[in-house]
Amino acid sequence: MTAAVLAAVLGTALAGCSSTGGKRAEERAAREAAAGGRAAVNTPKWTFAMVTHSGDGDTFWDIVQSGAKQAAVKDNIKFLYAHNEEGKEQAQLVQSYLDQKVDGLIVTLAKPDAMKSVMKKAQKAGIPVITVNSGSEVSKAMGALTHIGQDETIAGEAVGDELNKRGRKKALCVIHEQGNVGLEQRCDGAAKTFDGKLEKIYVEGTNMPDVQSSVEAKLQSDKGIDTVLALGAPFADTAAKAAEQAGSDAEIDTFDLNAKVAAALQNGTLGFAVDQQPYLQGYEAVDLLWLNRYNADVLGGGRPVLTGPQIITKDDAAQLAAYTKRGTR
Amino acid sequence: MSAQAPPVQEELVGGPPVRGSLARRLVGRPELGAVVGAVAVFVFFSVVADAFLQWSSFSTVLYASSTIGIMAVPVALLMIGGEFDLSTGVLVTSSALISSMFSYQMTANVWVGVGVSLLATLAIGFFNGYLLVRTNLPSFIITLGTFLILQGCNLGFTKLISDTVSTKSISDMEGFPSAHKVFASHLTIGDVEIQITVVWWLALVALATWILLRTRAGNWIFAVGGAKEAARAVGVPVARTKIGLYLGVALAAWISGQHLLFNYDVVQSGEGVGNELLYIIAAVIGGCLLTGGYGSAVGAAVGAFIFGMTNKGIVYAQWGADWFKFFLGAMLLLATLLNWWVRKRAEESK
């Protein structure tokens, strides 16, 4: 019975092949651009661990990881990764890596208070720590070597400037996670430099139809809105859909990149994207830890090393499309 | 849960409505209070929000309601049958992920993926129901387990298969345009654009209402939810009914999942968590009892509509965004209180 069903399924699967898109197209592309991965150095095999505040299934942190892994291969590093969005759980994960006596740590300080005690323990144990992404303000005080990331307020300010340049009057900032400090900072930063008016709206990020209908409702109730600012790549496309449904010709702009955003920039659905280059955050963190172990190097001189904001428009998108597809931009 | 439920009063066991004068029949319907609540919410936002009374706004509200409503219908039936399902939110995402990844990995026509997803989703629903009737454990525990398993599988399999946490775009594959038409297009009626999910929603409500009120299976659902042991004693197939209810939930999850996939093209594996509560909320606002044995599909639909109107009405009214959840909670509580009050009056006058 089961076998029959399976056979039937496979049969229809083979009969119903798609000649466009799909995995085969991807494999063809991959064969053409195969890249090798071998260590470029002969330093001992150190172990570095990364612990972030990422939730499950977050595309952004996927790109950070792929940067870190690439650097780990090159630097002959064993790379470990764990994540939890709860501050105290994240601290426990760090503790477990401390117990394993790793040679270097990469952490995010989205919830700095929860991380205070493990940061102190790492310092005591002489394990070098680099902070990435969030926590630039507290990174140094808590004993980290360097912070690598984007200052969210500065990134927001860059958006405000760009909106002024584009002659925008009223923008809607779509916050997809209520209570996330970084997202608030982006909106506040934009509001600071933007000459027009900026309004916030909170939507349920785990529920795409809710994101769409809420933005739709907002655009219908306020016809003056000429710009929608999404704060994450997956929400840009949905915002565009909402604008179309609401019959609004507001420009959609977004933070962060993915393959769809690159394509949408190219065909003009999106105005611009603000990239903080997550690949760089992972890559640089591992590389700097290696440099520190190998050569006692420190970067930034106590100040955060910024990986963004980089404003990406139609002109740059063509070049980046291939990189977003392979998941490194 | 139903095992511990106290014996339900005679008139509370819904069943086919009592025949008699129209007023009497109306008073006996579980959705009466919800309809009054819906009218109140509608009038309220028509007054306080300028943009609420536009055709385009109406279409947005209907869309928001329908995405919850499609799931609220089978969830209501399940609750009438005395059980819960906590895995519904992520099951929708699983269903979308399965069709997307199967089509992509096999480079198959997307309809093949859609079919495979239907089988897989029904299998998960069957698993829930079968485990429940075999073990007699509370559905709360069993579906909580399924919820976590699915949440893990959604992420784990997606990562394993596509190497990222969201699926690849399948919009350039064969079959996508026709599937998009079925699951994610919109119809233009006069000046109004109606999303196809609204049609799916209304069709499900009609089907569920017919089953509940006009078929033997409907009687069984009320019976197993109201008094399981008594139902078993008079020969109601309790196990079959409960498994059927979980299959119904799976079917609706499949429809919602395909909408997600074909409307947004790419599915993120972390989506859907928390939505299971929205479906239950809609059913409860619509008059379903948390203890089972009482409720209606129309009520659940009205509940979803109340939720959709409130959720979007607050945006139309341009109230402070920081307080959104507060307003949402307060409005829903008020609507439900009104619902409760109307029903109590109705019962007294009977």
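Remember, predicted model here, so these are calculated numbers, not experimental data.

Turning next to the overall build of chain A. Scanning chain A for helices and strands turns up twelve helices and twelve strands. For a compact globule of 329 residues, the expected C-alpha radius of gyration is about 20 Å, and chain A comes in at 22 Å, within 12% of that figure. Along the longest, intermediate and shortest principal axes, the C-alpha atoms of chain A span 60 × 60 × 40 Å. Residues counted as buried form 54% of the 329 residues belonging to chain A. About 14400 Å² of surface is accessible on chain A, with carbon and sulfur atoms providing 51% of the total. Taking the 36 positively charged and 41 negatively charged side chains of chain A as two groups, their mean positions are separated by 5 Å.

This part covers the overall build of chain B. When helices and strands are tallied, chain B shows 14 helices and two strands. Taking 350 residues into account, the globule formula puts the C-alpha radius of gyration at 20 Å, and chain B, at 20 Å, falls close to it. The principal-axis extent of the C-alpha atoms belonging to chain B is close to 60 × 55 × 35 Å. Counting over 350 residues, chain B shows a buried share of 56%. Considering only contacts within chain B whose residues lie at least 6 apart along the sequence, 77% involve residues at least 24 apart. Per element, the accessible surface of chain B, about 14100 Å² overall, is 70% carbon and sulfur. When the 20 basic and 18 acidic side-chain charges of chain B are each reduced to a single mean position, those positions are 12 Å apart.

Per the stated rule, a full pass over the model turns up 23 salt bridges over all chains. Residue R166 of chain A is joined to E162 of chain A by a salt bridge in which the shortest nitrogen-to-oxygen separation is 3.0 Å. Given the relative accessible area of 27%, R166 of chain A is considered partly exposed. Of the residues examined, E162 of chain A reaches a relative accessible area of 11% and is grouped as buried. Between E83 of chain B and K242 of chain B there is a salt bridge; the shortest N-O distance is 2.5 Å. Pair noted here: E83 of chain B is in the loop between α3 (55-80) and α4 (88-106) and K242 of chain B is in helix α11 (residues 238-264), with a separation of 159 residues, a long-range link. By relative accessible area, which is 4% here, E83 of chain B ends up buried. Overall, the relative accessible area of 3% leaves K242 of chain B in the buried class.

So, on to the UniProt feature "transmembrane region" (unreviewed entry) in chain B. Residue and element names in this part refer to chain B. Per the UniProt entry, the sites bearing "transmembrane region" (unreviewed entry) are residues 32-55, 61-79, 110-133, 140-161, 194-213, 243-262, 277-310 and 322-342 in this numbering. Note that residues 61-79 is 100% helix and 0% strand, and that its end C-alpha atoms are spaced 25 Å apart. Across residues 194-213, the secondary structure splits into 90% helix and 10% strand, with the terminal C-alpha atoms separated by 28 Å.

Should the pLDDT be low somewhere, the predicted coordinates at that spot are not to be read in detail. All names here are of chain B. Model confidence for chain B is summarised by a mean pLDDT of 88, while 91% of its residues fall at 70 or above. Across chain B, the element-wise mean pLDDT spans from 66 in helix α1 (residues 22-27) up to 96 in helix α5 (residues 110-135). For the stretch residues 1-18, pLDDT sits under 50, and the model shows 27 contacts to residues farther than four places along the chain or on other chains. Reported confidences for the modelled complex are a pTM of 0.79 and an ipTM of 0.75.

Residue and element names in this part refer to chain A. The residue after G308, namely P309, is reached through a cis peptide bond having omega 5°. Mapped onto the elements of the fold, P309 is located in the loop between β11 (305-306) and β12 (310-312). The phi torsion at N76 lies on the positive side, around 60°, for a residue other than glycine. Relative to the helices and strands, N76 resides in the loop between α3 (59-74) and β2 (77-83). Of note in this structure, K101 is not a glycine but carries a positive phi near 55°. In this structure, K101 sits in the loop between α4 (87-99) and β3 (104-107). Assessed through its relative accessible area of 65%, K101 is described here as exposed.

This part is about the nonpolar core. Residues V228, V261 and L265 of chain A together with I170, W201, F262 and I306 of chain B are the most contacted members of the largest nonpolar core, which totals 123 residues. Considering every element that reaches this core, the biggest residue donor is α3 of chain B, with 14 residues. Residues within four places of I170 of chain B in sequence aside, it is in contact with S100, Y104, V110, F176, L261, F262 and D265 of chain B.

Taken together, the side chains of D56, E85, E86 and E177 of chain A present a region of like negative charge at the surface. Structurally, the position occupied by E86 of chain A is in the loop between β2 and α4.

What follows deals with empty space enclosed by the protein. On inspection of all chains with the given rule, the structure shows four cavities of 30 Å³ or more. The volume enclosed by the largest cavity comes to roughly 170 Å³. Lining the largest cavity are 19 residues, with N207 and P209 of chain A together with T67, N275 and Y279 of chain B sitting closest to its centre. Where the lining of the largest cavity is concerned, the elements lending two or more residues are α8 (208-221) of chain A together with α3, α4, α11 and α12 (275-285) of chain B. At four residues, the largest contribution of residues to the lining of the largest cavity is made by α3 of chain B. Its residues assigned to classes, the lining of the largest cavity comprises seven nonpolar, eleven polar and one charged.

Moving on, we get to the interface of chain B and chain A. Every contact between the two is made by 53 residues of chain B and, on the other side, 46 residues of chain A. Between chain B and chain A, a total of about 4200 Å² is buried, with carbon and sulfur atoms accounting for 48% of that surface. Counting every contact that joins chain B to chain A gives four salt bridges. In this structure, the salt-bridge partner of K260 of chain A is D265 of chain B, at a minimum N-O distance of 3.4 Å. At the boundary of chain B and chain A, one finds 20 residue pairs in polar contact (both at pLDDT 80 or more). A per-element tally of the side of chain B that touches chain A places α3 of chain B first, with six residues.

This next bit is on the side chain of S213 of chain A. Tracing the backbone shows S213 of chain A in helix α8. With a relative accessible area of 1%, S213 of chain A lands in the buried category. At 2.8 Å, the side chain of S213 of chain A forms a polar contact with the side chain of K312 of chain B. Excluding anything up to four places from it in sequence, S213 of chain A contacts T60, Y63, A64 and K312 of chain B.

Definitions and cut-offs
- Residues numbered from 1 in each chain as written.
- Chains lettered and ligands numbered in written order.
- Predicted model: local features only at pLDDT ≥ 70, side-chain atom pairs only at ≥ 80, totals over all residues.
- Heavy atoms only, no water.
- Helix = DSSP H or I, 4+ residues; strand = E, 2+ residues; numbered from the N terminus.
- Rg over C-alpha atoms; globule rule 2.2 N^0.38 Å.
- Buried < 20%, exposed > 50% of the residue type's maximum accessible area, 1.4 Å probe, protein only.
- Areas by Shrake-Rupley, 256 points an atom, 1.4 Å probe, with all protein chains shown as cover.
- Lys, Arg positive; Asp, Glu negative; His and termini not counted.
- Charge placed at Lys NZ, Arg CZ, Asp CG, Glu CD.
- Contact = heavy atoms within 4.5 Å.
- Salt bridge = Lys/Arg side-chain N within 4 Å of Asp/Glu carboxyl O.
- UniProt positions renumbered as here; feature names shortened; annotations may be inferred.
- pLDDT = per-residue confidence, 0-100.
- Core = buried A, V, L, I, M, F, W, Y, C linked by side-chain atoms within 4.5 Å.
- Patch = residues over 30% accessible without salt bridge, like charges linked within 9 Å, V, L, I, M, F, W, Y side chains within 5 Å.
- 1 Å grid on protein atoms, 1.4 Å probe; cavity = no way out; pocket = protein on both sides within 12 Å on 5 of 7 lines; lining within 4 Å.
- Points joined across faces, edges and corners; volume = space filled by probe spheres on them.
- Nonpolar A, V, L, I, M, F, W, Y, C, P; charged D, E, K, R; others polar.
- Buried area = accessible area lost by both parts, 1.4 Å probe.
- Polar contact = N/O pair within 3.5 Å; in protein donor to acceptor, adjacent residues only side chain to side chain.

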